[in-house]
Amino acid sequence: ILSPKNSEEVAALAPGLPPSLAALALPKAALDAPAADALRAAIANLPGLTSLNLAGAALAEPGGAAAMLFSPQLAPFALVRLDLSDASGCASAAAASALGGWLVRAPHLREARLSGLGLGHVGAQQLAAGMLATALPAGSLAALQCLELGANSIASPGAAAALGAALARCCPALTRLD
């Protein structure tokens, strides 16, 4: 587990990550837009990355660090596990939509921990919209078995229905939803 705490440290670390890296853990790291862009560029050069842990990370909302990090141009093909639990900066409409679009481009993803992001009903609807907005075929998240969405205050029937429709279309192997 690496422990850079501020954006400058993350931005400095990212370009030097070895291409053979399989797991990257940056819990509680602070990421502004330039650091998120540097990390996105580094991840694009990690073809064997199977685990990404940004639990508790602070993704700066001004500048859209989360939307930049989860850019549709970055396809995390090898990713098996994603942990964004309690990360801040993922609840805006743009960030949630970008995350949804990014998730469906991860065909091997088996576990996604998205609890405590503060999505609310708008963020949940945008997460679902991002998942459904891609031109990928149904079942694009075919490997996803576990999705944690707890502590996101998704109480609106419309948001729950939108998220349910996205999960039904994209996640045929889902066996655990928290």
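These remarks concern the structure in this document. As the structure is a prediction and not an experimental result, all values here were calculated from the model.

Unlike most non-glycine residues, Lys28 shows phi in positive territory, near 60°. Its location among the elements puts Lys28 in the loop between strand E1 (23–25) and strand E2 (30–31).

What follows concerns the side chain of Glu111. Looking at the secondary structure, you find Glu111 in strand E6 (residues 111–113). Other than its neighbours up to four places away in sequence, Glu111 contacts Val80, Arg81, Leu82, Leu144 and Cys146.

It is the contact of helix H5 (residues 120–132) with helix H6 (residues 157–170), at a shortest axis distance of 8 Å, that shows an interaxial angle of 25°. On the basis of their axis angle, the class for H5 and H6 is roughly parallel. As for how H5 packs across H6, the hand of that crossing is left-handed. Two secondary-structure elements touch here, H5 through His121, Ala124, Gln125, Leu127, Ala128, Met131 and Leu132 and H6 through Gly158, Ala159, Ala162, Leu163, Ala166, Leu167, Arg169 and Cys170. For the contact of H5 with H6, the per-class residue count stands at 11 nonpolar, 3 polar and 1 charged.

In this structure the tally under the stated criterion is 7 salt bridges. The partner of Arg40 in a salt bridge is Asp37, and the shortest N-O contact between them spans 2.4 Å. Highlighted residues: Arg40 and Asp37, both in helix H2 (residues 33–44), separated by 3 residues, approximately one helical turn. A relative accessible area of 30% means that Asp37 is categorised as partly exposed. Between Arg176 and Glu148 there is a salt bridge; the shortest N-O distance is 3.3 Å. Of the two residues, Arg176 sits in strand E8 (residues 176–177) while Glu148 sits in strand E7 (residues 146–148), which places them 28 residues apart along the sequence. For Arg176, a relative accessible area of 39% gives the class partly exposed. In this structure, a network of salt bridges that share partners links the residues Arg81, Asp83, Glu111, Arg113, Glu148, Arg176 and Asp178.

Parameters at a glance
- Residues numbered from 1 in each chain as written.
- Predicted model: local features only at pLDDT ≥ 70, side-chain atom pairs only at ≥ 80, totals over all residues.
- Heavy atoms only, no water.
- Helix = DSSP H or I, 4+ residues; strand = E, 2+ residues; numbered from the N terminus.
- Contact = heavy atoms within 4.5 Å.
- Axes fitted to C-alpha atoms, helices over the stretch in contact; angles between N-to-C directions.
- Parallel < 35°, antiparallel > 145°, perpendicular 65-115°, else oblique.
- Left-handed = near helix turned anticlockwise from the far one by under 90°.
- Nonpolar A, V, L, I, M, F, W, Y, C, P; charged D, E, K, R; others polar.
- Salt bridge = Lys/Arg side-chain N within 4 Å of Asp/Glu carboxyl O.
- Buried < 20%, exposed > 50% of the residue type's maximum accessible area, 1.4 Å probe, protein only.

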